[in-house]
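Working through the structure, step by step
Here are the chains, one letter per residue:
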Amino acid sequence: MISKIVGNITPSATCELEGIIGSMKKDGIDVVALNIGEPDFKTPEAICTACKKALDERKTTYVATAGVPELRQAICHKLLCDNGLSYTTDQICVSTGAKQALFNAVMAVTNPGDEVIIPTPGWVSYVEMVKLVGGIPVCVPCRSDFQLDIEAIIAAVTDKTAAIIINSPNNPTGAVYGLESLKRVAELAVEKDLYVIADDIYEKLIYGEKQHYSIAAISPEIYERTIVINGMSKAYRMTGWRIGYSASPKSIAAGINGMQGHMTSNSTTFVQWSAIEALRNGEAEVKQMVEEFSKRRDYAYERILQLPHVQCTKPDGAFYLLPDLSWYYGKKVGDKVIRDSFDLSEYLLSEYHVAVIPGDAFMAPGTIRIAYTNSMAEIGRGIDRIATALAALSD
Ligand SMILES: Cc1ncc(COP(=O)(O)O)c(C=O)c1O
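Definitions and cut-offs
Residues numbered from 1 in each chain as written. Predicted model: local features only at pLDDT ≥ 70, side-chain atom pairs only at ≥ 80, totals over all residues. Heavy atoms only, no water. Helix = DSSP H or I, 4+ residues; strand = E, 2+ residues; numbered from the N terminus. Buried < 20%, exposed > 50% of the residue type's maximum accessible area, 1.4 Å probe, protein only. Contact = heavy atoms within 4.5 Å. Areas by Shrake-Rupley, 256 points an atom, 1.4 Å probe, with all protein chains shown as cover. Expected span 1.5 Å × (residues − 1). Arc of directions from axis to C-beta. Core = buried A, V, L, I, M, F, W, Y, C linked by side-chain atoms within 4.5 Å. Domains from an automatic or database assignment. Pairing = 2+ DSSP bridges. Axes fitted to C-alpha atoms, helices over the stretch in contact; angles between N-to-C directions. Patch = residues over 30% accessible without salt bridge, like charges linked within 9 Å, V, L, I, M, F, W, Y side chains within 5 Å. Salt bridge = Lys/Arg side-chain N within 4 Å of Asp/Glu carboxyl O. Phe/Tyr/Trp six-rings, centres within 6.5 Å; stacked < 30°, edge-to-face > 60°. Lys NZ or Arg CZ within 6 Å of the ring centre and 35° of its normal. Near = heavy atom within 4 Å. Polar contact = N/O pair within 3.5 Å; in protein donor to acceptor, adjacent residues only side chain to side chain. Nonpolar A, V, L, I, M, F, W, Y, C, P; charged D, E, K, R; others polar.

With respect to the overall build of the protein
A count of helices and strands for the protein gives 14 helices and 14 strands. Taken over the C-alpha atoms alone, the protein extends approximately 60 × 55 × 50 Å along its principal axes. The buried share among the 395 residues of the protein stands at 55%. A sequence separation of at least 24 residues applies to 74% of the contacts in the protein between residues at least 6 apart. For the protein, the exposed surface amounts to about 16,700 Å²; the carbon and sulfur share of it is 53%.

So, helix α10 (residues 250–263)
Its 14 residues place the ends of α10 20 Å apart at the C-alpha level, agreeing with the 20 Å of an ideal helix rising 1.5 Å per residue. Among the residues of α10, I252, A253, I256, M259 and Q260 are the ones counted as buried. Each buried residue of α10 sits inside an arc of 130° when the element is viewed along its axis, so together they form one side. Turned more than 90 degrees away from the buried face of α10, the exposed residues are S251, A254 and H262. Each element contacted by the buried residues of α10 is listed here: β2 (92–95), α5 (97–109), β6 (195–199), β7 (226–231) and β8 (244–247). Residue S265 follows α10 closely and has a positive phi angle near 60°.

Quick look at the nonpolar core
In this structure, Y87, I92, Y236, I386 and L390 are the most contacted members of the largest nonpolar core, which totals 100 residues. Two domains each put at least three residues into this core: domain 1 (4–42 + 285–389) and domain 2 (61–282).

Let's talk about unusual backbone geometry
At the junction of T120 and P121, the peptide bond is cis and its omega measures out at 0° in the coordinates. Inspection of the secondary structure assignment puts P121 in the loop between β3 (115–120) and α6 (124–132). Cis geometry marks the peptide bond from N171 to P172; its omega dihedral reads 20°. Within the fold, P172 resides in the loop between β5 (161–167) and α8 (179–192). Within the chain, R237 stands out as a residue other than glycine whose phi angle is a positive 55°. Looking at where R237 falls in the secondary structure, it is placed in the loop between β7 and β8. Positive phi values are uncommon outside glycine, yet H309 reaches one of about 65°. With respect to the helices and strands, the residue H309 is situated in the loop between α12 (283–305) and β9 (320–321). A relative accessible area of 42% means that H309 is categorised as partly exposed.

Thoughts on the sheet that holds β2
Reading across from one edge, β2-β8-β7-β6-β5-β3-β4 is the order of the seven strands in this open sheet, with mixed pairing throughout. Bordering the open sheet on either side are β2 and β4 (136–141), each of which pairs with just one other strand. Averaged over all neighbouring strand pairs, the angle between strand axes comes to 20°, with direction disregarded. Bridge analysis of β2 against β8 gives four bridges, and the strand direction is antiparallel. When the sheet's bridge partners are listed, I92 is paired in β8 with A247. The strands that helix α4 (residues 69–83) touches are β2, β7 and β8; relative to β2, the one it contacts most, it runs at about 115°.

Let's talk about a nonpolar patch on the surface
A cluster of nonpolar side chains, I2, I5, V6 and L132, forms an exposed patch at the surface whose accessible area comes to about 340 Å². Within the secondary structure, I2 sits in the segment before α1 (4–7).

Description of the packing of aromatic side chains
Within the structure shown, the criterion is met by 11 aromatic pairs. Centre to centre, the rings of W327 and Y328 are 4.9 Å apart; their planes meet at 80°, and the pair counts as edge-to-face. Three or more aromatic residues link up through ring pairs in this structure, and these residues are F41, Y202, Y207, F293, F319, Y320 and Y372. Across the ring face of W273, the terminal group of K59 is positioned such that the distance to the ring centre comes to 4.5 Å.

Describing the site of the ligand
Close contacts around the ligand come from 14 residues, with D199, Y202, S233, K234 and R242 the closest. In the model, an oxygen atom of the ligand is placed 2.7 Å from a nitrogen or oxygen of the S233 side chain. Interatomic distance of 2.7 Å between a side-chain N/O atom of K234 and an oxygen atom of the ligand. Protein contact buries 92% of the 390 Å² of open area that the ligand shows by itself. At four residues, the largest contribution of residues to the shell around the ligand is made by α5. A per-class count over the shell around the ligand returns six nonpolar, four polar and four charged.

Structure representation (structure tokens):
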């Protein structure tokens, strides 16, 4: 019999959809992919060269669980220069993707029965991670502009609350949280003795005037209560390389390190050398990519706004749009009623061959998530298909 904890897990909607699209493509179906949560740009050449060099030098052995000192040093340097955060290498743990770093963080601060606050819409895995460690996810809806609803967060805190997960820029909304609301979360965490898990993975993907603030930098008190999560996947186009990291107060870092030592040990040694190259010399290519995403964001947003009865908040970061299509719920295709975002996404994929993620997967039931991680032409083709599909629905 499978354990209760594992039996209670909902598989990742984003990962599952990949399998379905893969087999449609294999059958020769021309699917427009607006579902993909990774940049369509290739990993920069210098990062690949650093990996080949590390392999030639046979950097292929076990190393310290928390990562090679050179990488942890480069991470400390990045956190100081980009975020104004001062860490020593014993506060850093390099993990197999930001996903593992996040899981480690949740595990490190949650006892069975503890509550963890998750602002929603939110990334698919937070709720499941909390459930996996025996905690209780407490979802707190954001405001209609997708900014944090601080009053609702305050109201959700109980004597069982252990932590709050903050993700800015946000997946799936693209919202970037302002300094004022982060200060209020920080005050709350200090007052109520909570941890903050700050998922900064989309930090560099911001368009326009907004700025990323690291909550840990707000005060020495919140620094002591924050686990900063970041990684190489989104900014340096290294999704498949699986490198992420956490930076935390020393006692938490020691706990995370001890735990990871029993789970995966160090993340892949020669890949760590590529991450060093990315952190030291990768900024120019990040900037180029951000310029392109900025154009695509504007284009996709303008096109989505033209769809009848569709509302959309303009995102400031990440690479997603989260339009509200709930006006179409209750409409029909033949005899079948479109009841929710699962039905709508399934209809778009099966009948019009355009892949999006149902908003329900992110606790945003009226919406679908559209990723602009595809060429301008493909984004245009995908939105054309969505327009045709919506127009074909009847009362
Ligand atoms: C908000 C958020 N956090 C973390 C991750 C995981 O990143 P990684 O690929 O480094 O594990 C993702 C990936 O989609 C994400 O969207």
